[in-house]
Amino acid sequence: MAIKGNPGDNRSRGPLPIFVVVGLCCFFYLLGAWQRSGFGKGDSIALQMTNKAEDCSILSNLEYETHHGDQSGTVDDPKLEVKQFEPCGEQYVDYTPCHDQMRAMTFPRENMNYRERHCPPEEEKLHCLIPAPKGYVTPFQWPKSRDYVPFANAPHKSLTVEKAVQNWVQYEGNLFRFPGGGTQFPHGADAYIDQLASVIPMDNGTVRTALDTGCGVASWGAYLFKKNVIAMSFAPRDSHEAQVQFALERGVPAVIGVLGTVKLPFPSRAFDMAHCSRCLIPWAANGGMYMMEVDRVLRPGGYWILSGPPINWRTNYQAWQRPKEELEEEQRMIEEIAELLCWEKKYEKGEIAIWRKRVNNEYCSERDSRVTLCESLKSENVWYKKMEACVTLYPETTNSDEVAGGELKPFPERLNAIPPRIASGSVPGVSVDSFQEEDKLWKKHVKAYKRVNKFLDTGRYRNILDMNAGLGSFAAALESPKLWVMNVMPTKAESDTLGVLYERGLIGIYHDWCEAFSTYPRTYDLIHANGVFSLYKDKCNVEDILLEMDRILRPEGAVIFRDHVDILGQVKRIATGMRWKTKTVDNEDGPLIPEKVLFAVKRYWVVGDNNSTAL
């Protein structure tokens, strides 16, 4: 770590003060040792390294003054009371609060309502730490993780039996192997994607973001990375145990979700293509409501791929064990709805059909008189909003060649170009200049993060979560084939900028952090929380948010908090009681800045370990 200028000079000049550097070197030396042990599990090597901490006495003795005069104490005040959190029982190792199986069965089955989010009331929330299963190890690094998952991390074999002939997943020794097969691509995901790429421009950066509905173990999304395409995959938590969990263990973006009764938690005009491979969604039902929802989130000029029933029903109706009359009617209705939506059919061969959404309304002037148009909203506001059988309006254009909403540059140029939503002035409070300044600022922040946490560029962190993504500048500064970022747009945020992130070629989701996230435990390697606790101050319990962060963070995973010094003091006290090792550092602009950065590492422990969480 390079030190510039006088080591004793603690003024605002960019590099970290020497005492911070030394202390953090010790901190991340220990972190590195924990993560290098075996697959990364904390065993005897971790114990040896912990003992060596005595040689890094500066780590435990450091106290960072607030430099703000009359306050209640320093951020790292050891005299402040620390609440200790106990481990939850073994039955909670895979606990998903808002997708709990027992609670789900109390809701109506119509339109998959029971598979949607149903979060526990306040009195039923757990206030304990979700344990890792026995034998849990840090996943393999990408790209090996795409093909292999340690059995101990997701010890569920049902898919190896149910999908044995479809080449989804195989159990070999103490590992799961994912051969890249699928129900609709028995010859492998690569061959299937190449067939799609003969129609859809995936090789030149034109198509960057994809949506995979009913994704299974997300092999489609896993193999799309070869073409620099990033897919948001989702599937319900259902009888196919752990499919989304497998996807995330493999290092592939995925969330628990379903097309049911509420809108998808994504902005309009988000994805370059959407995909259904035998996803069992009744596309022709409810007046075409699900296809209309796909149309909403599909960018003008985007593609919709449907493979499997009912496509090619004449050949396959016997194998699918369904009446050919039923399949014929289903395809007829899908074709009719696609025409009503003004989608152009581009391809049908075997069991694959591909449609393209028109680039603007000039081609669809007759459509608007034949469908129910959705009410035009100033903001997306889709969180828990009922899905409707209505068609989302195109943004206005002036000629037949103009792409509604603005044309996007190919990726990766798209990442740093001015997004059309900002160029058009449609995002309140965000100008071209402020966007560029924000990008510049986050490049500086991330550079400072990397000086402290040397693992950010190594591939150690594959699955990264940004809890308050803003304009996506944190993810843009980190952009690398070694990692991906799930960008979260809090529903409490002052400005909705999630559409901007998608225009940059990033992926993200709406979420309210007063509730649990739609994922399994232990699915993220690194969590970034910029201003999250300031945003949610007086809106919900800080402890609940931190316990949720602990649930979804892997053992030995890292967290970076950026917030006001007083708020970080409260966060640190709670985190200390959750088996997290923490260290606060000054803002990179100097100690007089009230915004500080808190680095944390979740310690390794599994179910049945010492029940005391005291450090």
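What you see is a predicted model, and the numbers here were worked out from it, not measured in a lab. (Residues numbered from 1 in each chain as written. Predicted model: local features only at pLDDT ≥ 70, side-chain atom pairs only at ≥ 80, totals over all residues. Heavy atoms only, no water.)

**Q** Kindly report on the overall build of the protein, identifying the contributing residues and their values.
**A** Helices and strands together make up the secondary structure of the protein, namely 20 helices and 17 strands. Excluding contacts between residues fewer than 6 apart, the proportion of contacts in the protein whose partners are at least 24 apart in sequence is 70%. Surface exposure of the protein reaches about 25,300 Å², of which carbon and sulfur atoms provide 49%. (Helix = DSSP H or I, 4+ residues; strand = E, 2+ residues; numbered from the N terminus. Contact = heavy atoms within 4.5 Å. Areas by Shrake-Rupley, 256 points an atom, 1.4 Å probe, with all protein chains shown as cover.)

**Q** Can you break down the state of the cysteines residue by residue, with the values?
**A** Across all of its chains, the model carries 6 disulfides by this definition. Cys514 shares a disulfide with Cys540; S-S distance 2.4 Å. Disulfide Cys514-Cys540: the torsion about the S-S bond is -90°, which places it as left-handed. With Cys514 in the loop between β13 (507-511) and β14 (524-530) and Cys540 in the loop between α18 (532-535) and α19 (542-552), the pair connects residues that are 26 residues apart, well separated along the chain. Classification of Cys514 as buried rests on a relative accessible area of 18%. (Disulfide = S-S within 2.5 Å. Buried < 20%, exposed > 50% of the residue type's maximum accessible area, 1.4 Å probe, protein only.)

**Q** Describe the side chain of Arg367, with residues and values.
**A** Mapping Arg367 onto the fold places it in the loop between β10 (352-357) and α13 (413-416). For Arg367, a relative accessible area of 3% gives the class buried. Residues in contact with Arg367, not counting those within four places in the same chain, are Asp295, Leu340, Leu341, Cys342, Asn361, Val391, Thr392 and Tyr394.

**Q** Would you mind going over helix α7 (residues 189-197) in detail, with residue names and values included?
**A** All buried positions along α7 are accounted for by Ala189, Tyr192, Ile193, Leu196 and Ala197. With its buried residues spanning 140° around the axis, α7 presents them on a single face. Residues of α7 that are buried in the fold lie against α8 (219-224), β7 (271-277), β8 (298-307) and β10. (Arc of directions from axis to C-beta.)

**Q** Before we move on, could you go through the nonpolar core and cite the residues and values that matter?
**A** Soluble globular proteins tend to pack their nonpolar side chains together in the buried interior. The biggest cluster of nonpolar side chains holds 137 residues, and the ones touching the most others in it are Trp220, Met273, Trp283, Met549 and Phe561. Every residue in contact with Phe561, bar those within four places of it in the chain, is listed here: Ala529, Phe533, Leu546, Met549, Leu568, Val571, Trp580, Lys596, Val597, Leu598 and Ala600. Listed in part, the 9 residues of the second largest apolar core include Ala154, Val169, Phe176 and Ala242. (Core = buried A, V, L, I, M, F, W, Y, C linked by side-chain atoms within 4.5 Å.)

**Q** Outline the sheet that holds strand β16 (residues 580-585), supporting the account with residue identities and numerical values.
**A** Reading across the sheet, the 7 strands line up as β13-β12-β11-β14-β15-β17-β16 and stay open at both edges, with mixed pairing between neighbours. Looking at the sheet topology across the chains shown, the edges are occupied by β13 and β16. Across the sheet, the axes of successive neighbouring strands diverge by a mean angle of 20°, strand direction being ignored. Judged from the 5 bridges that link them, strand β12 (residues 484-490) and β13 form a sheet pairing that is parallel. Pairing of Asn487 across the sheet is with Gly508, part of β13. Strands β14, β15 (553-564) and β17 (595-602) of the sheet are contacted by helix α15 (residues 432-452), whose axis makes an angle of about 130° with β15. (Pairing = 2+ DSSP bridges. Axes fitted to C-alpha atoms, helices over the stretch in contact; angles between N-to-C directions.)

**Q** Any chance you could break down the packing of aromatic side chains for me, citing the residues and the numbers?
**A** Both the distance between ring centres and the angle between the ring planes are used here to describe each pair of aromatic rings. Under the definition given, this model contains 22 aromatic pairs. For the ring pair Phe151 and Phe176, a centre distance of 5.5 Å and an interplane angle of 50° mean the geometry is tilted. Of this pair, Phe151 sits in the loop between β1 (148-150) and α6 (158-162) while Phe176 sits in strand β3 (residues 175-177), placing them 25 residues apart in sequence. A relative accessible area of 22% places Phe151 in the partly exposed class. A relative accessible area of 0% means that Phe176 is categorised as buried. (Phe/Tyr/Trp six-rings, centres within 6.5 Å; stacked < 30°, edge-to-face > 60°.)

**Q** Could you give an account of the pattern of salt bridges, naming the residues involved and the relevant values?
**A** Applying the stated criterion to the full structure yields 38 salt bridges. With its nearest N and O atoms 2.6 Å apart, the salt bridge here joins Glu330 to Arg322. A relative accessible area of 18% places Glu330 in the buried class. In this structure, Arg554 and Asp525 form a salt bridge, with 2.7 Å as the shortest nitrogen-oxygen distance. Highlighted residues: Arg554 in strand β15 and Asp525 in strand β14, separated in sequence by 29 residues. Given the relative accessible area of 3%, Arg554 is considered buried. Judged by relative accessible area, which is 5%, Asp525 ranks as buried. Among the charged side chains, a network of salt bridges with common partners joins Glu122, Lys125 and Asp544. (Salt bridge = Lys/Arg side-chain N within 4 Å of Asp/Glu carboxyl O.)

**Q** An account of the sheet that holds strand β5 (residues 230-235) is needed here, citing residue identities and associated values.
**A** As summarised here, the arrangement of the 7 strands in space is β6-β5-β4-β7-β8-β10-β9, forming an open sheet in which the pairing is mixed. Of all the strands in the sheet, the pair left with one neighbour each is β6 (254-256) and β9 (343-349). Averaged over all pairs of adjacent strands, the angle between their axes in this sheet comes to 20°, without regard to strand direction. Here 6 bridges tie β9 to β10, and the two strands are oriented antiparallel to one another. In the sheet register, Trp343 faces β10, and the bridge partner there is Lys357. Here α7 sits on the sheet in contact with β7, β8, β9 and β10, set at roughly 45° to β10.

**Q** Account for the side chain of Asp147, with residues named and values stated.
**A** One can find Asp147 in helix α5 (residues 144-147). Residue class for Asp147 comes out buried when judged on its relative accessible area of 19%. Excluding residues within four positions of it along the chain, Asp147 makes contact with Phe176, Arg177, Phe178 and Tyr223.

**Q** Account for the pairing of β16, naming residues and giving values.
**A** Within β16, 5 of the 6 residues are buried, which leaves it mostly tucked inside the rest of the structure. One ladder, built from 6 bridges, connects β16 with β17; its direction is antiparallel. By the bridge assignment for β17, Trp580 is matched with Lys602.

**Q** Could you give an account of unusual backbone geometry, with specific residues and numbers?
**A** For the bond from Trp142 to Pro143, the omega torsion is 10°, close enough to zero to count as cis. One can find Pro143 in the loop between α4 (101-104) and α5. Cis geometry marks the peptide bond from Pro309 to Pro310; its omega dihedral reads 5°. Along the chain, the position of Pro310 falls in the loop between β8 and α11 (313-316). Here the phi dihedral of Asn228 falls at roughly 60°; this positive angle occurs in a residue that is not glycine. Within the secondary structure, Asn228 sits in the loop between α8 and β5.

**Q** Got a sec to walk through the environment of Ile552? Specific residues and values, please.
**A** If you trace the backbone, Ile552 turns up in helix α19. Spatially, the C-alpha atom of Ile552 lies 4.5 Å from that of Arg522, the residues being 30 residues apart in sequence. Excluding anything up to four places from it in sequence, Ile552 contacts Leu465, Thr519, Tyr520, Pro521, Arg522, Thr523, Tyr524 and Ile527.

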